Amino acid sequence: QAGHVIATATVLSLLHVLGPSVFSRSLAMAAMLAAMLLTDSMHPPGGALVLMAVDSAAIQRMDWWRLPLP
């Protein structure tokens with residue numbers, strides 16, 4: 001569960017700041033992995049969530065209210 005929250009917060013933050021691009025995709029993946037390692041909450045499907053979010057216009061339109069919802 002914590003892995004998905006970390007991945008979602010990371011990718012939404014970077015998408016709002018940088019917009020969708022190859023740079024934001026790689027930065028979001030690296031930041032998500034670093035955050036998961038630091039919090040000892042490694043969860044590989046979180047990496048897939050980052051890649052889907054950068055490629056999906058529907059996910060990019062989500063705002064912070066969506067983060068605590070399952």
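Residues numbered from 1 in each chain as written. Predicted model: local features only at pLDDT ≥ 70, side-chain atom pairs only at ≥ 80, totals over all residues. Heavy atoms only, no water.

Peer 1: I tried to follow the pattern of salt bridges on my own but got confused; where do I start?
Peer 2: Side chains that differ in charge, positive against negative, can pair when their charged atoms come close. Tallying each qualifying case throughout the model produces one salt bridge. Note that D55 and R25 form a salt bridge whose closest N and O atoms lie 2.4 Å from each other. Residue D55 is located in helix α3 (residues 45-55), and its partner R25 is located in helix α2 (residues 22-39); the two are separated by 30 residues in the primary sequence. Residue class for D55 comes out exposed when judged on its relative accessible area of 55%. (Salt bridge = Lys/Arg side-chain N within 4 Å of Asp/Glu carboxyl O. Helix = DSSP H or I, 4+ residues; strand = E, 2+ residues; numbered from the N terminus. Buried < 20%, exposed > 50% of the residue type's maximum accessible area, 1.4 Å probe, protein only.)

Peer 1: Quick question: what am I supposed to make of the side chain of S41 here?
Peer 2: Tracing the backbone shows S41 in the loop between α2 and α3. Judged by its relative accessible area of 13%, S41 falls in the buried class. One polar contact links S41 to T39, side chain to side chain, over a distance of 2.7 Å. Aside from chain neighbours lying at most four places away, what touches S41 is A2, G3, I6 and M36. (Polar contact = N/O pair within 3.5 Å; in protein donor to acceptor, adjacent residues only side chain to side chain. Contact = heavy atoms within 4.5 Å.)

Peer 1: Quick question: what am I supposed to make of α2 here?
Peer 2: Working note: α-helix, 3.6 residues per turn, so residues spaced by three or four point in the same direction. Here α2 contains 18 residues, and its C-alpha end-to-end distance of 26 Å stays within 8% of the 26 Å for a straight helix at 1.5 Å per residue. What α2 keeps buried is the set S24, A28, M29, M32 and M36. Each buried residue of α2 lies within a common arc of 135° when the element is viewed along its axis, so the set occupies one face. Counted as exposed and oriented over 90 degrees from the buried face of α2: V22, F23, L37 and L38. Packed against the buried residues of α2 are α1 (2-18) and α3. Immediately beyond the C-terminal end of α2, within one or two residues, lies D40, with a positive phi of roughly 55°. (Expected span 1.5 Å × (residues − 1). Arc of directions from axis to C-beta.)

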